[in-house]
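Given next are the chains, with one letter for each unit.
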Amino acid sequence: MLKKKHLAALASVALLAAIPACGSDEGTGSSSSSGAASGGDGKLTMGFAQVGAESGWRTANTTSIQDSAKESDVDLKFSDAQQKQENQIKAIRSYIQQKVDVIAFSPVIESGWDAVLNEAKRAKIPVILTDRAVDSKDTSLYKSFLGSDFVKEGNKAGEWAVKEFADAKEVNIAELQGTTGSAPATDRKQGFTDVISKDPKFKITQSQTGEFTRAKGKEVMEAFLKSGKPIDLLFAHNDDMALGAIEAIEGAGKVPGKDIKIVSIDAVKDGMQALADGKINYIIECSPLLGPQLMDLAKKVTAGEEVPARIETEEGEFDQAQAKEALPTRQY
Ligand code: AHR
């Protein structure tokens, strides 16, 4: 994909929104532990624009970032964009205005970031992408991208499906996609399709966004079931949507994990529990514990050190037996 190619390079004010330097920012849910950015206390100040609180993964990611900031003595200014790009842009502009030392964010969707990233560049504030990528051609707009390889995750889900349905003649697949236009939704779909499309017996017969939420996952799965089309396998782009779909499947009198097999991505505790209970068949891990690496990167970047343009998170895979084993010590 285009953005992947452009991630390889590494190069390295408009002040629009008048947002308070501390306390709560209505609309973006901002909060901060201190008053002035780059304040006199010598602490590194980071402005972090989070996607939202749409999933168990996101909640764990927020906790990881907030805890790591405290442990690393970083003054964190945090905002929750409620899955809206305009809120993230507003938050980033407020961080520029506050002259933070570094801006980090997980872009809700891939496109439309060049203007605000150029504003940060002009203000000489380094930007670090975490979790999700942007499709900007100008890679000098950010210093590094820390996060998972979503295409690989989709590949792994597809590879599991190929093994699981080795003896089947035809496999009808329903797909619950993540947020439309987001890197994980686009890349997981691509990675999964690349693998299953090698065998024409696999057909994605129904596919729609469930916006990475449990409620929407349930709603869309109900519609899929009502369509009357056969479903052998559900590919859910995250555990939360799979969990919502399980409710819909049970509501329709079917047995999740048996009548309809399920593969999903994340491996959050609730997903792992459903896997251990036999309601999900396989989960590809996507680690949200990015906080420690992010703080480390921020310190290096603000000290003018060179950092890798791409840092990929390590991830595992779980079947039902492995989920049972991993659950007691699962952190998130
Ligand atoms: O960007 C990571 C994805 O976003 C997670 O897989 C999903 O649960 C979250 O909402």
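Per-chain numbering applies: the sequence of each chain, read as written, is numbered from 1 onward. For a predicted model such as this one, the threshold for reporting local features is a pLDDT of at least 70, and the threshold for listing and counting side-chain atom pairs is 80 or more; totals across whole chains, interfaces and linings nevertheless cover every residue. Side-chain metrics rest on all non-hydrogen atoms present in the structure, leaving aside hydrogens and water.

Right, let's talk about the packing of helix α7 (residues 214-226) against helix α8 (residues 239-251) for a bit. Where α7 contacts α8, the two axes come as close as 7 Å, and the packing angle between them is 45°. By the angle class used here, α7 and α8 are oblique. Helix-helix and strand crossings are classified by hand; for α7 and α8 the assignment is right-handed. Across the interface between the two elements, R214, G217, K218, M221, E222 and L225 from α7 touch D240, M241, L243, G244, A245, E247, A248 and I249 from α8. Every axis corresponds to a line fitted to the C-alpha atoms, with the helix fit spanning only the stretch in contact, and the corresponding angles, defined between N-to-C directions, vary from 0 to 180 degrees. Numbering of helices and strands runs from the N terminus, with a helix taken as a DSSP run of H or I at least four residues long and a strand as a DSSP run of E at least two residues long. Should an angle fall under 35 degrees it is called roughly parallel, over 145 degrees roughly antiparallel, and 65 to 115 degrees roughly perpendicular, with every other angle called oblique. Working rule for handedness: look at the near helix, and if it is turned counterclockwise from the far one by less than a right angle, call the crossing left-handed; if clockwise, right-handed. Every residue pair with non-hydrogen atoms within 4.5 Å of one another is taken to be in contact.

It is worth spelling out the site of the ligand at this point. Consider each residue's heavy atoms; a residue with any of them within 4 Å of a molecule or strand counts as near. Within the structure, the ligand sits among E54, S55, W57, R58, D131, R132, F150, P184, R188, F212, N238 and D266. We define a polar contact as two N or O atoms separated by no more than 3.5 Å, with the added condition that, inside protein, one atom must be a possible hydrogen donor and the other a possible acceptor, whereas residues neighbouring each other in sequence contribute only through side-chain atom pairs. E54 is positioned such that a nitrogen or oxygen atom in its side chain is 2.5 Å from an oxygen atom of the ligand. One of the side-chain nitrogen or oxygen atoms of N238 is found 2.9 Å away from an oxygen atom of the ligand. Under the convention used here, a 1.4 Å probe and the Shrake-Rupley method define accessible areas, while residue burial counts only the protein chains that appear. Here the ligand loses 100% of its free accessible area of 280 Å² to cover by the protein chains. When residues of the shell around the ligand are traced back to their parent elements, those giving at least two are α2 (56-71) and α6 (183-196). Tallied by class, the residues present in the shell around the ligand amount to 4 nonpolar, 2 polar and 6 charged. Note that Gly is not counted as nonpolar here; it falls among the polar residues with everything else outside the nonpolar set of Ala, Val, Leu, Ile, Met, Phe, Trp, Tyr, Cys and Pro and the charged set of Asp, Glu, Lys and Arg.

Two strands qualify as a pair provided that DSSP identifies no fewer than 2 bridges between them. In space, the 6 strands of this open sheet follow the order β8-β7-β9-β10-β11-β13, with mixed pairing throughout. Bordering the open sheet on either side are β8 (202-209) and β13 (317-318), each of which pairs with just one other strand. Direction of pairing for strand β11 (residues 282-285) relative to β13: antiparallel, over a ladder of 2 bridges. In the sheet register, I283 faces β13, and the bridge partner there is F318. Across the sheet, helix α9 (residues 269-276) lies against β11 and β13, angled at about 150° from β11, the strand it touches most.

Turning our eyes to something else, we now look at the packing of aromatic side chains. We describe a pair of aromatic rings using the distance from one ring centre to the other and the angle between the two ring planes. Two rings from Phe, Tyr or Trp (for Trp, the six-membered ring) form a pair when their centres are within 6.5 Å of each other. A pair whose planes differ by under 30 degrees is stacked, one over 60 is edge-to-face, and the rest are tilted. A complete count under the given rule lists 4 aromatic pairs for this structure. Look at NZ for Lys and CZ for Arg. If either is within 6 Å of the ring centre and within 35 degrees of the ring normal, a charge sits over the ring. The ring of F165 has K261 sitting right over it, with the charged end atom 5.6 Å from the ring centre.

With that out of the way, let us pick up the pattern of salt bridges. A side-chain nitrogen of Lys or Arg and a carboxyl oxygen of Asp or Glu constitute a salt bridge if their distance falls within 4 Å. Overall, the coordinates contain 17 salt bridges when judged by the stated rule. A salt bridge links R330 to E285, with the nearest nitrogen and oxygen atoms 2.8 Å apart. Taken as a pair, R330 in the segment after α11 (320-326) and E285 in strand β11 lie far apart in primary sequence, 45 residues in all. Pair check on accessibility: R330 and E285 agree, each one buried. Buried, partly exposed and exposed residues are distinguished by accessible area as a fraction of the type maximum, computed with a 1.4 Å probe on protein chains only: under 20%, between the cut-offs, and over 50%, respectively.

Look at Q83: it is not a glycine, yet its phi comes out positive at around 60°. Locating Q83 in the fold gives a position in the loop between β3 (75-80) and α3 (85-97). Owing to a relative accessible area of 23%, Q83 belongs among the partly exposed residues under this scheme. For D266, which is not a glycine, the phi torsion comes out positive at approximately 135°. On the basis of relative accessible area, D266 is assigned to the buried category, the value being 3%.

Given a helix with a known number of residues, its expected span is that number minus one, times 1.5 Å. Taking 1.5 Å per residue as the helical rise, helix α5 (residues 150-164) with its 15 residues ought to reach 21 Å, and the 21 Å between its terminal C-alpha atoms agrees with that figure. The N-terminus of α5 is capped by D149, whose side-chain oxygen sits 3.1 Å from the backbone nitrogen of V151.

In short, shape yes, function no, at least from these values alone.
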